[in-house]
Amino acid sequence: MSRAADDAGHGSETAGQTTIGGMTTDTPALHLAGLTKHFGAVKAVDGIDLTVGRGEVVAFLGPNGAGKTSTIDMVLGLSTPTAGTVEVLGLRPYDAVGHGLVAAVMQSGGLLKDLTVAETVQLTASLFRSPRGTAEVLGRANLTDIADRRVGLCSGGEQQRLRFALALLPDPELLVLDEPTTGMDVESRRSFWAAIRQDTGRGRTVVFATHYLDEADAYADRIVLVRHGRIVAEGTPAQLKAMSSGRTVRATLPGADQSRLAGLPGVTSVEVRGDTVILQTRDSDAVLRRLLTETGAHDVEVTSRNLEDAFVALTSDTPDDAAALAAPTASTTGSLR
Amino acid sequence: MSTATTTRPQHPVTPAGSRGGPVLLSPTYVAIDLRRQLRNRRTLIFLVVMPVAFFLAFGGGYRTSDPGAYAYVMASMTVYGAMIATTSVGASTSMERSSGWTRQLRLTPLRPVGYVLGKVVVAVLLGVVPIALVMLTGAVGGAELSTGEWIGVAIASWACSLVFAAFGLFMGYLIPAENVMQFIGPLLAMLSFFGGLFAPLDTLPKAMQDIAPAMPTYAVGMIARSPITHSGFSATHLALLVGWTLAFGIGTAFLFRRDATRG
């Protein structure tokens, strides 16, 4: 907190100087308006509107090919939108990168195998006007012990922490992570996120793309679900979970009559596996009452759906699933588009 | 939408002055890149072993019998060595683009053109290594040149290597990484023959002799040897050299722009 106070003082001292793009503390970290990217006939990004406030940690969650990486490339100025605009702290991406306000950890590549870890950091640091110290970022990315190792000899997780160290050099306002833990083992993932989490505690804005639900759930303040280049839902992890308000009822019922089960209250799907029936329903109480009184069902289990179910339903290719799941809850929870 | 913005401390807004703008050339980058090239065993074989070995092979026989020819071969081999060095650095851009390194650099304030500029500097600095080694070998072998001739050959072959830095960059931006060296190796050998670097031009087939004077290696060879031969430093050769350098430079700029605006 004292740091925030210092910074406020620092800001007023330097008020006479040119500030970047007239940026104020109200300027969002990221603002996307009607963002669109077409590759020929393929609509990789198909009209995304999103505002990320400063200090927020936002997950871009979606299956492969949903348009996450294409969106990130435009945020970083690596590609030009077909239509729409990107503003990073009120600036064009190119200028934001030039001022070291945005940095990124990309999915793969981008490192020279025959440099050492420390050399890579020193080299990259020399490209910024006032970078953080090499030793400091190596420490923060937990790389101090392998500073002299050749990059080509580092594991995938170590290389990813190196990319993270490079991203920390300009001390960016906005840190973008593009599927940062893809291909890492559990231990590396945990260690990577531990480093990120320590860092976001300082108030940095983070936007990360992932297709791991648990990552989005564990680390994001807000989840943006993307599918086919569009945002299909957004909200806090809790709000998204609440969207999938249905329950799953599982019971043992030999010789089940499928069509009769489908007629039970609120049932959206019936699955019969041998003697087991699995029902998806919006009214589990009524289903249970009828199952236990009118049929020979036993060993009954009721489970609520989790974020994974919401994810699958909202990003699934069959629009009916998404509609069935989303329709009853859209008015009460996180915004649906 | 989210309450997180209010519960987290705000990251400081930093004035532009302390963040700085675009960077054009980083001496640290040049130094580390140079060190990296010198650490590469394959590069060292091309840069150190081959020019010296060729000099000994082609010129060794003249050492006592024909001092003029000995110095001539030495000058040719400084050109050859500098050519290999500068071209290979330029061509390394191909691998660095395909590995995503240049993309990573686009996330820094280094201007894309600054990357190319840095490569030119590294190439030309690395070109000093074979020039020095070949000339040292010549001196140890007893080449008899005046001080002015030593300096003249060194400076001429070094300055002329700029055209090959441009050539390497052009190739690096033109050819995919997986086969850039397979392609450039034979091309450089052919260019060396055209330049009379491996054998006097008049020993080559007539058709090659006819094409040779248009080749960049020919002009470079003539100019680099001119301190010894006291001929060849002509406006025609200079114009040819500048022309090729510009052609490769403009070609690189074109490919570079195409590369930078892709996607």
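Residues numbered from 1 in each chain as written. Chains lettered and ligands numbered in written order. Predicted model: local features only at pLDDT ≥ 70, side-chain atom pairs only at ≥ 80, totals over all residues. Heavy atoms only, no water.

## Thoughts on the confidence of the model for chain B
Interpretation of the predicted coordinates at a detailed level should be avoided for regions scoring low in pLDDT. All names here are of chain B. When pLDDT is averaged along chain B, the result is 87; 90% of the residues meet or exceed 70. The low-confidence segment residues 1–18, where pLDDT is below 50, has 50 contacts with residues more than four positions distant or belonging to other chains. Predicted complex, confidence summary: ipTM 0.86, pTM 0.79. (pLDDT = per-residue confidence, 0-100. Contact = heavy atoms within 4.5 Å.)

## Digging into the pattern of salt bridges
Summed over the entire model, instances satisfying the criterion amount to 25 salt bridges over all chains. Salt-bridge contacts for Arg54 of chain A lead to Glu173 of chain A; the nearest nitrogen and oxygen are separated by 3.0 Å. Here the residue Arg54 of chain A occupies a position in the loop between strand E2 (42–52) and strand E3 (57–61), and Glu173 of chain A occupies one in the loop between helix H6 (156–168) and strand E6 (174–178), the gap between them amounting to 119 residues. Each member of the pair Arg54 of chain A and Glu173 of chain A is classed as buried. With its nearest N and O atoms 3.6 Å apart, the salt bridge here joins Glu294 of chain A to Arg260 of chain A. Of this pair, Glu294 of chain A sits in helix H11 (residues 284–294) while Arg260 of chain A is found in helix H10 (residues 258–262), placing the two residues 34 residues apart along the sequence. Within this structure, Asp114 of chain A together with Asp33, Arg36, Glu96 and Lys119 of chain B form a network of salt bridges that share partners. (Salt bridge = Lys/Arg side-chain N within 4 Å of Asp/Glu carboxyl O. Helix = DSSP H or I, 4+ residues; strand = E, 2+ residues; numbered from the N terminus. Buried < 20%, exposed > 50% of the residue type's maximum accessible area, 1.4 Å probe, protein only.)

## Some remarks on the sheet that holds strand E1 (residues 30–39) of chain A
Residue and element names in this part refer to chain A. The strand order across the open sheet formed by three strands is E2-E1-E4, and the pairing between neighbours is antiparallel. Two strands in the sheet have a free side with no partner beyond their single neighbour: E2 and strand E4 (83–88). Strand-to-strand twist in this sheet, taken as the mean axis angle between neighbours without regard to direction, amounts to 20°. Inspection of the sheet shows E1 paired to E4 by five bridges, in the antiparallel sense. Residue Thr36 lies in a different strand from E4, and its bridge partner there is Ala83. With respect to the sheet, helix H2 (residues 68–75) is in contact with E1, E2 and E4, its orientation differing from that of E1 by roughly 120°. (Pairing = 2+ DSSP bridges. Axes fitted to C-alpha atoms, helices over the stretch in contact; angles between N-to-C directions.)

## Examining helix H10 (residues 162–174) of chain B
Residues lying three or four places apart along an α-helix face the same way, a consequence of the helix completing one turn every 3.6 residues. Taking 1.5 Å per residue as the helical rise, H10 of chain B with its 13 residues ought to reach 18 Å, and the 18 Å between its terminal C-alpha atoms agrees with that figure. All of the buried residues in H10 of chain B are Val163, Phe164, Ala165, Ala166, Phe167, Gly168, Leu169, Phe170, Met171, Gly172 and Tyr173 of chain B. (Expected span 1.5 Å × (residues − 1).)

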